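Now for the letters of each chain:
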Amino acid sequence: MRLWTEQPLPHAENMAKGNSEKQQKAGTQKRKPDADGGGGGGGGGGRKKKKGDGPAEQGEAGRKRLDAPSVGYFRRVGERLDEGFPDDEEKEMFVENVLMEVKGQAGRVATDRTGSITLQRLLPLCSPDRVGEVMAEVGGASGAEFKAVCCDRCGGHVVESALRQMSRWTGETRPPCAASLKADLQNKSLFFPAETPQEEEEEGPGVLEGQVLCLGQVVRANIAEFIAHAHGSHVVRTLLHVLTGCLGPARSETRPGVKDRGVSPHMTDFEIPTSFWYEMGKLTETLMENINLSITDAVASAVFQTMLTVSHRKRPKLCKKLLKRTVEYLMSRSAAPGVSPLLVFLKDQASSHLLETVIQLSHISLLRDVYKNHLKGSLVSLALHPIANFPIQRLTAAAAKYKLFPRLFDELIQGVEAILAAGHMGVIVQLAESCAESGQKQDEMIKSLLNAFHCAEPSSRQVCCLPLFMSLLTYELYYHSDTAGGDAQTEIPLTSICYHGSRLVQALAKFKERSLLLSSLRTLTPADLFTLASHPAGSHVLQALITTSSDKGRGKILRRLEGQYGQMACSRLGSRVLEAVWSSASVSQRQSIAQELVQSESQLRSDQFARHVWAKFALSHFMHRRAHWHEIQTGESKKRKLFNDILN
């Protein structure tokens with residue numbers, strides 16, 4: 001039964017016939033662009049050719065492309081997928097029918113833009129064995145076509161999508177055919193024997209498993225071309241993920257917003273065949289033989305970063321050896337007499353990214369060796385460098401949980417003001433966050449910041465520190481004061497709060513001693529506190545200071561906020577701060593907040609943000625069933641206290 005009733009995809013002989021007829025007509029008439037955006041002039045008198053122009057049937061590297069009817073077919077397949085199916089059986093039959101039309105020309109379909117998008121949507125709907133069959137057609141005999149398809153801007157996405165389907169592998173394989181696997185299991189000299197798995201499988205590889213191994217062989221045979229290619233390198237990175245048994249979000253789903261750029265992508269672990277264990281060893285060994293490319297090419301460097309990251313997650317012993325070999329290679333390069341090669345690589349655009357990953361994943365002995373023999377005495381100058389300051393941030397973060405951190409701190413703290421003047425705020429923020437994490441050097445950090453922002457002396461200036469830290473401005477600039485002991489004049493409004501200033505204060509709010517910050521916060525007027533609560537960066541500061549305070553300290557801040565709760569509830573950002581405050585407040589503090597909010601019932605119920613506050617705080621209960629509301633809030637408070645006691 002054929003479910004697809006539109007015009008079917010032409011078979012290979014029909015496509016060849018159509019292409020030959022078009023070529024015969026090309027000499028007598030000017031060709032128009034085809035439906036996929038290609039096309040070129042029929043003679044020498046046409047428009048000037050741009051990069052990528054040429055015959056409609058030719059794609060990258062001279063590969064034939066789909067004609068207009070075929071492109072239309074796959075476009076209609078995509079539309080049918082958008083419509084959905086009434087049941088799984090009909091969906092499976094539809095997918096199978098489309099894949100039957102693709103058979104024999106999967107490579108051409110994969111390297112066409114429309115065909116590539118359609119295949120990427122179809123593969124997750126297929127069984128792993130069916131995906132393996134499609135992958136076998138794409139790769140051709142013995143994987144001869146894998147290189148061309150993987151290095152194609154459209155074909156690479158299809159291969160990646162096929163690789164990702166390995167996460168659905170269940171351990172079931174086809175009838176035994178153990179020759180190739182047994183050969184791999186016997187050849188252990190290429191790998192790291194300390195990580196041999198407990199059990200060895202005796203069955204032969206399944207279709208998809210076999211194609212992944214075939215792709216691995218092709219990649220190893222052409223490693224230099226793959227890892228330096230803009231599209232092929234992404235296939236290698238996905239292959240590394242699959243061979244180790246972990247996957248992140250697909251490339252089309254990883255365009256982070258502003259808030260997510262510094263967040264590591266979520267990784268999903270899955271089971272892998274035993275053969276992948278050894279293929280990963282072969283691939284990493286081949287990559288290490290070409291490590292010279294990782295320090296000269298940014299694209300290749302990203303492949304090595306992926307190799308280290310996935311190894312650290314799934315094969316820590318292998319990762320430890322790879323990290324050691326990477327650092328040894330970098331240290332073996334020649335540099336100026338008396339200058340460590342690492343100092344040169346830290347300042348290079350491509351190799352600095354690799355070193356960031358190495359530092360993040362290194363164990364304490366390697367970190368100690370790198371600092372003692374290569375970086376000691378140079379941290380401030382590196383922190384002032386426009387590129388090297390980023391690896392220094394990673395080093396400060398990695399050392400926070402070790403005894404190495406105090407030595408790094410003592411060296412970096414000497415250049416705090418110079419680093420601030422250079423605009424490398426990330427170094428200062430990370431230094432504060434590491435102090436909070438380690439619990440060390442916190443008093444020295446506060447004193448250094450007070451001096452850097454010129455509010456340490458006279459002591460009366462110290463209560464002004466919070467606005468200065470949030471805006472990253474010195475006392476003279478913030479208050480427009482030209483004299484060292486002059487009185488405060490016209491001050492810059494609180495709207496001058498910046499992102500790194502907010503991050504800095506949030507880190508300082510985790511210190512054991514926060515009395516100076518809280519004293520400075522209590523000097524702000526209620527109007528300033530509302531401005532802070534409704535500011536994109538300032539709202540995080542206010543939330544951090546209130547939620548980390550004791551009940552007594554929180555009560556002092558909340559008394560300053562009285563009269564502002566209604567406005568905060570109607571603010572997009574202020575309402576979130578109010579909800580966070582409510583979650584950490586005592587029952588008596590919640591009652592005071594609720595008492596003020598119910599006086600503006602009509603306004604809160606009609607506001608798009610405040611109506612959620614009204615529902616979450618159960619203010620209708622507070623108005624009409626006060627005793628029941630109080631009982632519920634008391635129960636929640638006891639549960640929260642019990643939970644906090646368990647965590648502590």
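Residues numbered from 1 in each chain as written. Predicted model: local features only at pLDDT ≥ 70, side-chain atom pairs only at ≥ 80, totals over all residues. Heavy atoms only, no water.

### Some thoughts on the overall build of the chain
For the chain, the count of helices and strands is 38 helices and 2 strands. When the 648 residues of the chain are sorted by exposure, 48% land in the buried category. Put simply, 71% of the contacts in the chain that link residues at least 6 apart link residues at least 24 apart. As displayed, the chain has an accessible area near 31800 Å², and 51% of this comes from carbon and sulfur atoms. (Helix = DSSP H or I, 4+ residues; strand = E, 2+ residues; numbered from the N terminus. Buried < 20%, exposed > 50% of the residue type's maximum accessible area, 1.4 Å probe, protein only. Contact = heavy atoms within 4.5 Å. Areas by Shrake-Rupley, 256 points an atom, 1.4 Å probe, with all protein chains shown as cover.)

### Points about the packing of helix α30 (residues 538–547) against helix α33 (residues 572–584)
The relative placement of two packed helices is expressed as an angle between their axes plus a distance between the axes. Orientation of α30 relative to α33, taken along the N-to-C sense of each, is 10°, at an axis distance of 10 Å. Put simply, α30 runs roughly parallel to α33. Packed against α30, whose contacting residues are S539, L542, Q543, I546 and T547, the element α33 presents L573, R576, V577, A580, V581 and S584 at the interface. Along the lines of polarity and charge, the residues of the contact of α30 with α33 split into 6 nonpolar, 4 polar and 1 charged. (Axes fitted to C-alpha atoms, helices over the stretch in contact; angles between N-to-C directions. Parallel < 35°, antiparallel > 145°, perpendicular 65-115°, else oblique. Nonpolar A, V, L, I, M, F, W, Y, C, P; charged D, E, K, R; others polar.)

### Regarding the packing of helix α27 (residues 499–508) against α30
As a packed pair, α27 and α30 sit with axes 9 Å apart at the nearest point and diverge in direction by 5°. In terms of orientation, α27 lies roughly parallel with respect to α30. For the pair α27 and α30, contact is made by S502, V505 and Q506 and by H540, V541 and A544, respectively. Looking at side-chain class alone, the contact of α27 with α30 contains 3 nonpolar, 3 polar and no charged residues.

### Focus: the packing of aromatic side chains
According to the stated counting rule, one finds 9 aromatic pairs in the structure shown. Their ring planes at 75° and their centres at 4.8 Å tell us that F622 and W629 sit as a pair that is edge-to-face. Residues F622 and W629 agree in their burial class; the two are buried. The rings of W582, F617, F622 and W629 are connected pair by pair, giving a single aromatic cluster. Over the face of the ring belonging to Y475 we find R461, whose NZ or CZ atom lies 3.9 Å from the ring centre. Lying over the aromatic face of F622, R626 brings its terminal NZ or CZ to 3.8 Å of the ring centre. (Phe/Tyr/Trp six-rings, centres within 6.5 Å; stacked < 30°, edge-to-face > 60°. Lys NZ or Arg CZ within 6 Å of the ring centre and 35° of its normal.)

### So, the pattern of salt bridges
Using the criterion set out here, one finds 17 salt bridges in the structure. Across the pair E356 and R394 runs a salt bridge, and its minimum N-O distance is 3.1 Å. Of this pair, E356 sits in helix α17 (residues 349–361) while R394 sits in helix α20 (residues 389–398), and the two are 38 residues apart along the sequence. Among the salt bridges present, the one from D551 reaches R554, with a minimum N-O distance of 2.6 Å. Here D551 pairs with R554, and both are found in helix α31 (residues 551–561), just 3 residues apart, close to one helical turn. (Salt bridge = Lys/Arg side-chain N within 4 Å of Asp/Glu carboxyl O.)

### Notes on α17
Side chains of residues three or four places apart in an α-helix project in the same direction, reflecting 3.6 residues per turn. Burial analysis of α17 places 10 of its 13 residues in the buried class, which makes it a mostly covered element. Within the sequence span of α17, burial applies to A350, S351, S352, L354, L355, E356, T357, V358, I359 and L361. Residues of α17 that are buried sit in contact with α14 (298–314), α15 (316–332), α16 (341–345), α18 (364–375) and α20. For α17, the N-terminal capping position is held by D348, with its side-chain oxygen 3.1 Å away from the main-chain nitrogen of A350. (Polar contact = N/O pair within 3.5 Å; in protein donor to acceptor, adjacent residues only side chain to side chain.)

### Quick notes on empty space enclosed by the protein
Within the structure shown, the criterion is met by 3 cavities of 30 Å³ or more. What the largest cavity holds in volume is close to 90 Å³. Among the secondary structure elements, those contributing two or more residues to the lining of the largest cavity are α17 and α18. A total of 4 residues in the lining of the largest cavity trace back to one element, the largest contributor, which is α18. Of the residues in the lining of the largest cavity, the class split is 10 nonpolar, 1 polar and no charged. (1 Å grid on protein atoms, 1.4 Å probe; cavity = no way out; pocket = protein on both sides within 12 Å on 5 of 7 lines; lining within 4 Å. Points joined across faces, edges and corners; volume = space filled by probe spheres on them.)

### Describing the UniProt feature "repeat: Pumilio" (unreviewed entry) in the chain
Under the UniProt annotation, the feature "repeat: Pumilio" (unreviewed entry) is placed at residues 101–137 and 523–559. From the first C-alpha to the last, residues 101–137 spans 13 Å; its make-up is 73% helix and 0% strand. The span residues 523–559 carries 73% helix and 0% strand; its end-to-end C-alpha distance comes to 12 Å. (UniProt positions renumbered as here; feature names shortened; annotations may be inferred.)

### Some thoughts on α20
Of all 10 residues in α20, 8 are buried; the element is thus mostly enclosed. For α20, the set of buried residues is N389, P391, I392, Q393, R394, L395, T396 and A398. Residues of α20 that are buried make contact with α17, α18, α19 (379–383), α21 (405–412) and α23 (425–438).

### Some points on the nonpolar core
Core analysis: the largest hydrophobic core is formed by 173 residues, its most contacted members being L215, M445, F469 and L597. Tallying contributions element by element places α23 first for this core, with 8 residues. (Core = buried A, V, L, I, M, F, W, Y, C linked by side-chain atoms within 4.5 Å.)

### A short note on the confidence of the model for the chain
The share of residues in the chain with pLDDT of 70 or more is 79%, and the mean pLDDT across the chain is 82. Scored below 50 in pLDDT, residues 1–61 shows 81 contacts in the model against residues more than four places distant or in partner chains. Here residues 173–204 scores under 50 on pLDDT; set against residues more than four positions off or in separate chains, the count is 51 contacts. (pLDDT = per-residue confidence, 0-100.)

### Considering the side chain of E160
Tracing the backbone through its elements, the reader meets E160 in helix α8 (residues 155–164). Under the relative-accessibility criterion, E160 is labelled buried at 8%. If we ignore the near neighbours within four places in the chain, the residues touching E160 are H234, V235, T238 and R251.

### What to know about a positive patch on the surface
The grouping of R368, K372, K376 and R407 at the surface amounts to a positive patch. Within the fold, K372 resides in helix α18. (Patch = residues over 30% accessible without salt bridge, like charges linked within 9 Å, V, L, I, M, F, W, Y side chains within 5 Å. Lys, Arg positive; Asp, Glu negative; His and termini not counted. Charge placed at Lys NZ, Arg CZ, Asp CG, Glu CD.)

### Considerations on the state of the cysteines
Counting across every chain of the model gives 0 disulfides. Take C150: it sits in no disulfide, and the sulfur closest to it among the cysteines is that of C151, at 6.6 Å. Summary of cysteine pairing: C465 is not part of a disulfide, and the nearest cysteine sulfur, belonging to C455, is at 5.8 Å. (Disulfide = S-S within 2.5 Å.)

### Here's the deal with unusual backbone geometry
Cis rather than trans, the peptide bond between E457 and P458 has omega equal to -10°. With respect to the secondary-structure elements, P458 resides in the loop between α24 (442–452) and α25 (465–471). Backbone geometry places L472, a non-glycine residue, at a positive phi of 55°. Secondary-structure assignment places L472 in the loop between α25 and α26 (475–479).

### Description of the environment of F276
Mapping F276 onto the fold places it in helix α13 (residues 274–289). Separated by 60 residues in sequence, F276 and G216 have C-alpha atoms that sit 9.5 Å apart. In this structure F276 touches M166, E209, V212, L213, V242 and L243, once residues within four positions along its chain are discounted.

### Focus on the environment of D369
Here D369 lies in helix α18. Not counting the four nearest positions on each side in its chain, D369 is found in contact with M331 and H374. Within polar-contact distance, the side chain of D369 engages the side chain of N373 at 2.4 Å.

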